[in-house]
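# Tertiary structure, described
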Amino acid sequence: MTLLNAVHITKRFDGLTALKAVDLQVKAGEFAAVIGPNGAGKSTLFNCLTGQLTPDEGTIHYNDEDLRGVPPAQRSLLGIGRTFQRIQLFGGMTVRDQLLVAIRAHKHHGALWNDLLRGGHLTSAEKETTDSTLDRLGIGSIADSPVESLTLGMARLVELARALVTQPQLLLLDEPSSGLDRRETAHMAQVLQLVCREESVAVALIEHDVAMVGDLAETVWVLDYGQLIAHGPTQEVFADEKVRAAYLGLQVR
Amino acid sequence: MVDLVEYAIRGIPTGCVYALLAVGLVLTYKTSGVFNLAYGAQAFASASVFYVVRKDHEWPLWAAAILAIVIVGPAIGLVLERFLFRYLRGSPPMAKLVTSLGLLIAIPEVVRLLLGSGSRKNPPPLWWVRRTDEWLWPQGSSVVLDAGQIATIVSTIVVVIALVFLFARTQIGLKMRAVVESARMAELYGVNSERTSMTAWALSSLLAGLAGVLVAPLFASLNPLDLFTLLVAALAATVFGGLTSIPLTFAGGIALGVLQAVMAGALPTDSVFATGLRPGLPFIVLFALLMFRPGLRTSGELQDPLAGVDPPPPSPVTQDQPKWLTRGSRALMILLLLVACWISISVLDAFWLGLVVSGVCLSVILLSITVATGLGGMLSLCPAAFAAIGAFATAQLVEATGMTVIGAMIIAGLVSATAGAALALPVVRLGAVYLALATLAFALMFESILVPLSWVSGGSVPLSVPRPLIGSIDMADDRWFLLFAATCLGLIAWVVVRLREGTMGRFLQALYTSRDAAESIGVSATRPRVMAFAVSAGIAGFGGGLLASYAGQANYQASFVYLVGLVWVALVVSTGARSVLAAIISGMVFFLLPAGLERLFSWPENWLEAHPDASGPVASLLEVITPSWAVPVAFILFGAGAIMYARHPEGSLQSQMSALGRAVNRRIDPGGEPPDPADDLDRESSADLVGPS
Amino acid sequence: MTPPPALQLEDVSASYGSFRALFHVNLTVENGSAVALIGANGAGKSTVARVASGLIRPSSGRLLISGSDFTGSAPHQIARTGVALANEGRSLFASLTVQENLSLAFRNAPSVTDPDAAMNSAFALFPQLEERCTQQAGTLSGGEQRILTLARVMATKPQLLIADELSLGLAPLVTTQVYEALATIRDSGCALLIVEQHLDHALALADEVVAIEKGEITFRGDPADVGEVTGGLLLPSGHPAAIDEPT
Ligand SMILES: Nc1ncnc2c1ncn2[C@@H]1O[C@H](COP(=O)(O)OP(=O)(O)OP(=O)(O)O)[C@@H](O)[C@H]1O
Ligand SMILES: [Mg+2]
């Protein structure tokens, strides 16, 4: 079943057309990758999907619901989670608080009287959820550290945990391995595999680490200069001459 | 038609004044990153120096001009850069705004202390021609330009051309903008950031001096408030230029002046429009621009990419102290406040008791700042307007319906909260600086348009508000009123603490530090902020009603002028924006400090009276000190508090408390150092080797 | 007499507040040679780059550039001697346009005599920048920002080029292209100090490899010998990745 169906997305900035009639389909539980040269429009595409940007043309359907005019927060409640190319954690909070904000937003605990009557303290159910999420990613030990003290690799995992705790059906990941060292990248790949295979969360991944894409992704979508130049099963796309010329370089595998 | 053209031409000199001020503000913002509300105060300082040397000491014009504009102006700028703004480079825009607010309060008082506080009538013009010389322009028309106006027009045009040229043809503007964004990065590019930022401050302060000396003759006497209000009127032009474009800002200033003149000429003089709209026009234009000008929604606040070079800030103490300690210290605080209450009731005389009660009422209002600015991260500059709304509503409700005062105060709070929500809806998406400007515009629109209306304020005679009556307890007795006010304060403080520690506080914090990320996990970008704003306005409204009830009347001029609101904001934010205790301390200090200082400064006089035979140096020294120092010194201290904020952006109280908390923690658990945020997992082993220095 | 090395760190220690990041590091980058600095995240690589460019003042030890002592100098003084740092993360002015970023750098770099020529060579190196010329640098894509940073440091033809996380966010094709350009620059006499996670490329370029771990240098030698040494040593203990992977 097609979970996300974006058709003919076009986005213009001033003089530049960053996306030209791009399509993207992600099936439930599928692991898809979006690749392409720098400035091809990958992050812009994600921003259109999550509502951070409004596409000039095209439609986005999620679970057959039209997302036009749906604000970003609402899209998260519908089940789209994401991480960012430049890490965005909430400053001045602990790791656990990051997840807590996500949990409460999804349980609609934002009402004033809730705070006044019950106070905003961590409940034991919430503690359990945050602990188990962090443990699954192997970072249970840092639950109560302030985010300012995290290394890049940890911070990327925390961002992922924050997205996961909302129990999304679709996870959009923008270069989750960038800046990580080899071990951290391997660990990240493992985690992503786990998330997709065992919890059947559909993943759309932007990556420049070709090996990682090759290992993880079932289908690949290739953007170049804002246009979709190829898509299909990973190995087929990697063998495509056009893709090799535009992105991979001819000598890669 | 011809009339309109003539009106328009008449507006050009005023437009140039706006343009001159606005261009200077934009220049400061562009080249130093500070939206410098103290720009008018700097202008006032130069104008005062010019006045003193020119009129009192009768210096020649050129010497006076050089001293006031070329020497004093930049000197002030350099001092500010060296001792304040240098330390604020990487701080959020809010910190810089609050610091400039402190300067706005302190500089005029310092000037008064140094140069004497007598009123300075008829400021001298910066021009060789006498004021009476007038030209008719265009020939044959009735438009009259005097020398001062021509001087302003010429200087403005020269300044604008020079600045445009400077930015287009040299690298200096580029360097300054680079240093504003990240001084360290500029260094990596090979730019001497210290010298660049000193040049920027000297240049913009030179312009402030020029503007002050040029504009001063427009007023009958030299007065910082007039200059500041003129500056706020000119803000519309800066927003028109998007805080970046100097030519656009110039155009905006001229357009504003022309619009104002045309309105003045074309509208019948006795209509509501003329009386309300004319003085309010610049603020309406400012507000409208903020709402509709594209490009202000995406807040362009950038983090210094090299911030990681600094050692991480110490974690807030609440994170690493045990729960019982938090609870214990809170219980202790409440106990202390109760004791203070009891002492006030049983010991203080009527004068001091009155001040304490006023302080408690004000503390309630100030808690609104804690909610909007501390929790919400929104620098709202209109707390006094919401307090006034509450005060007026209380008065009108009691008068119209005869309901109980307490009920009226609660409804007034709701009225004010509704007004707050209505203002918040369009405003909360703006970037930090623009949000502050929008609230300032609101405060001035309220003051110039709504306050004069009799269905709002009751007209020129303040509406009276009775004291509450509960059963047989008559609050006309100040002691009962104190208990009542303190109970209200306690309740509202409890609400604020609950919100801060609850979901609301977390949502607001998340939105403040990363809006995109907060939205990506389902936090609405507007709802929590609108709610915080409304709660804040509601608290201010209730507090305003309380204060009015204590004072017996809802007196706008005495209690709620917008400038007073700015002092409140500066006080609370600099003491600790997120802390309830800070709001309470600020409320008390606001009333007790000036009175206390007055007592202190009247001591020499009394002593001299008691010892008429005293003479010599001691007596002459003591003679200098008079009780009239009290208010200036108090305001300088208020301002200094906000200025100190430059060094402790979490607020002075908060930084003291954090240090104290860490010390207590060490006492309790000498082995386990509180976790330093720098010691994360993979650094831990190396940190063990050295330990904290 | 041989000229002194482009960069020397002598017994340098450095710290952030109470946390010490480097312990008695000695490092030399000879003129016209390329040194690759490798190690896990958090090992102290970036701190070395920051000390070398003057962003952090070492708590002890000396920083020598072309033989003269620059310990404690302001970063712009060091930049004026021809040291260019491409910092990790965003290393540009987001509020300036691409062109303004480049022109600011070129007009303040001592090695650039003709800013326009430098601009042209930057655009020749990375044609995609020319298309983005008047765009605000902060709105560039992540990779484009990196490209702009590299264009800035490479086109100034510095004495010593320090690049932290050199190829972060770059597409494979561009990475290859960047390393080719770096080889050319190195051959024209510029010294390189490169911090990199993609070891394949870095090792192919480097004349010497220095591995750093928990703030101390643990290996120094020929790139060919690195394979065995890196085995599992470059990871701090207690790190999640270390738990999952059997060593
Ligand atoms: N706000 C903006 N204004 C103007 N141009 C923009 C804006 N945002 C992005 N662009 C341009 O749109 C193009 C696509 O950017 P995008 O961030 O989507 O690239 P990307 O595929 O994610 O690249 P990378 O791999 O480098 O991250 C780029 O050329 C970029 O410069
Ligand atoms: Mg991207």
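The paragraphs below set out a description of the structure included in this document.

Conventions adopted
- Residues numbered from 1 in each chain as written.
- Chains lettered and ligands numbered in written order.
- Predicted model: local features only at pLDDT ≥ 70, side-chain atom pairs only at ≥ 80, totals over all residues.
- Heavy atoms only, no water.
- Helix = DSSP H or I, 4+ residues; strand = E, 2+ residues; numbered from the N terminus.
- Buried < 20%, exposed > 50% of the residue type's maximum accessible area, 1.4 Å probe, protein only.
- Contact = heavy atoms within 4.5 Å.
- Areas by Shrake-Rupley, 256 points an atom, 1.4 Å probe, with all protein chains shown as cover.
- Lys, Arg positive; Asp, Glu negative; His and termini not counted.
- Charge placed at Lys NZ, Arg CZ, Asp CG, Glu CD.
- Pairing = 2+ DSSP bridges.
- Axes fitted to C-alpha atoms, helices over the stretch in contact; angles between N-to-C directions.
- Donors = N, O, S within 2.8 Å, 3.2 Å for Na, K, Ca; no water.
- Phe/Tyr/Trp six-rings, centres within 6.5 Å; stacked < 30°, edge-to-face > 60°.
- Lys NZ or Arg CZ within 6 Å of the ring centre and 35° of its normal.
- Near = heavy atom within 4 Å.
- Polar contact = N/O pair within 3.5 Å; in protein donor to acceptor, adjacent residues only side chain to side chain.
- Buried area = accessible area lost by both parts, 1.4 Å probe.
- Salt bridge = Lys/Arg side-chain N within 4 Å of Asp/Glu carboxyl O.
- 1 Å grid on protein atoms, 1.4 Å probe; cavity = no way out; pocket = protein on both sides within 12 Å on 5 of 7 lines; lining within 4 Å.
- Points joined across faces, edges and corners; volume = space filled by probe spheres on them.
- Nonpolar A, V, L, I, M, F, W, Y, C, P; charged D, E, K, R; others polar.

Our focus in this paragraph is the overall build of chain A. The helix and strand inventory of chain A stands at 10 helices and 10 strands. For the C-alpha atoms alone, the extent of chain A along its principal axes is close to 60 × 40 × 35 Å. A buried classification covers 61% of the 253 residues belonging to chain A. Long-range pairs, those at least 24 residues apart, make up 68% of the contacts in chain A with a sequence separation of at least 6. On chain A, roughly 9,800 Å² of surface is accessible, and the fraction owed to carbon and sulfur atoms is 51%. Side chains of chain A carry 23 positive and 31 negative charges; the gap between the two charge centres is 2 Å.

All names here are of chain A. Read from one edge of the open sheet, four strands run E2-E1-E4-E5, paired in antiparallel fashion. Unpaired on one side and paired on the other, strand E2 (16-27) and strand E5 (65-66) mark the two borders of the sheet. Judged from the eight bridges that link them, strand E1 (residues 2-13) and E2 form a sheet pairing that is antiparallel. Bridge pairing in E2 links Thr2 to Lys27. Of the strands in this sheet, E1, E2 and strand E4 (57-62) are in contact with helix H1 (residues 42-50), which crosses E2 at around 65 degrees.

Another aspect to go through is the coordination of the magnesium ion (ligand 2). A metal bound by six donors in octahedral fashion has ideal angles of 90 or 180 degrees, whereas one bound by four tetrahedral donors has an ideal angle of 109.5 degrees. Protein-derived ligands of the magnesium ion (ligand 2) are A:Ser43 (OG) and A:Gln85 (OE1), with the metal-ligand distances lying across 1.9 to 2.3 Å. Here A:Ser43, found in helix H1, pairs with A:Gln85, found in the loop between strand E6 (80-82) and helix H3 (95-106); they are 42 residues apart in sequence, far enough to count as distant.

Moving on, we come to the packing of aromatic side chains. Taken as a whole and judged by the stated rule, the model has 16 aromatic pairs over all chains. Arranged with centres 4.8 Å apart and planes meeting at 55 degrees, the rings of B:Tyr189 and C:Phe93 form a pair that is tilted. Here B:Tyr189 is found in the loop between helix H7 (183-188) and helix H8 (193-215), whereas its partner C:Phe93 is found in the loop between strand E6 (83-86) and helix H3 (98-108) on a different chain. As far as burial versus exposure is concerned, B:Tyr189 and C:Phe93 are alike and both buried. Plain terms: the ring middles of B:Phe392 and B:Tyr556 are 6.3 Å apart, the flat faces sit at 25 degrees to each other, and that makes the pair stacked. Here B:Tyr556 lies in helix H23 (residues 556-560) and B:Phe392 lies in helix H15 (residues 383-401), a separation of 164 residues in the sequence. Classification of B:Phe392 by relative accessible area gives buried; the value is 3%. Its relative accessible area of 6% is what places B:Tyr556 among the buried residues. One aromatic cluster is present, formed by B:Phe386, B:Phe392, B:Phe442, B:Phe446, B:Phe533 and B:Tyr556 through successive ring pairs. The aromatic ring of B:Phe83 is capped on one face by B:Arg82, whose charged end is 5.6 Å from the ring centroid.

Residues in close proximity to ligand 1 total 21 residues, the closest being A:Lys42, A:Ser43, A:Thr44, C:Ser141 and C:Gly143. Neighbouring residues of ligand 1 are not confined to one chain but are distributed across chains A and C. With respect to ligand 1, the side chain of C:Arg132 contributes an N or O atom lying 3.3 Å from an oxygen atom. Here ligand 1 has 640 Å² of accessible area as a free molecule, and 89% of this is covered by the chains.

The partner chain B presents 31 residues to the 42 residues of chain A that form the contact. Here chain A meets chain B over a buried area of about 3,100 Å², counting both sides, of which 63% is carbon and sulfur. Taken together, the connections running from chain A to chain B amount to one salt bridge. For B:Arg506, the salt bridge identified is with A:Asp97, shortest N-O distance 2.8 Å. The tally of links from chain A across to chain B stands at 14 residue pairs in polar contact (both at pLDDT 80 or more). Elements with a contribution of two residues or more to the side of chain A that touches chain B: helix H2 (72-78), E6, H3, helix H4 (112-118) and helix H6 (152-164) of chain A.

The subject of this paragraph is unusual backbone geometry. Residues and elements named next belong to chain A. A positive phi is found at Asp64, a non-glycine position, where the angle reads about 65 degrees. Of note, Asp64 is situated in the loop between E4 and E5. Positive phi values are uncommon outside glycine, yet Gln167 reaches one of about 50 degrees. Among the secondary structure elements, Gln167 is positioned in the loop between H6 and strand E7 (170-174).

Turning our eyes to something else, we now look at the pattern of salt bridges. Residue and element names in this part refer to chain A. Considering all chains together, one arrives at 22 salt bridges over all chains under this definition. For Arg96, the salt bridge identified is with Asp131, shortest N-O distance 3.0 Å. Note that Arg96 is positioned in helix H3 and Asp131 in helix H5 (residues 124-136), a separation of 35 residues in sequence. Since its relative accessible area comes to 7%, Arg96 is described here as buried.

The next thing to look at is the layout of surface pockets. In this approach a probe as big as a water molecule rolls over the atoms, and the regions it shows empty are the leftover space. Counted as a void, the second largest pocket has a volume near 920 Å³. In terms of lining residues, the second largest pocket is bounded by 36 residues, among which A:His208, A:Asp209, A:Val210, C:His198 and C:Asp200 are the most central. Of all the secondary-structure elements, those providing two or more residues to the lining of the second largest pocket are helix H7 (182-198) and helix H8 (210-216) of chain A together with helix H7 (172-187) and helix H8 (199-205) of chain C. For the lining of the second largest pocket, the element with the most residues is H8(A), which contributes five residues. The residue makeup of the lining of the second largest pocket, split by class, is 14 nonpolar, 13 polar and nine charged.

Our focus in this paragraph is the pairing of strand E1 (residues 7-16) of chain C. Residue and element names in this part refer to chain C. Within E1, seven of the 10 residues are buried, which leaves it mostly tucked inside the rest of the structure. Inspection of the sheet shows E1 paired to strand E2 (residues 19-29) by seven bridges, in the antiparallel sense. Bridge assignment links Leu7 to a residue of E2, and that residue is Val29. Direction of pairing for E1 relative to strand E4 (residues 60-65): antiparallel, over a ladder of five bridges. Residue Glu10 lies in a different strand from E4, and its bridge partner there is Arg62.

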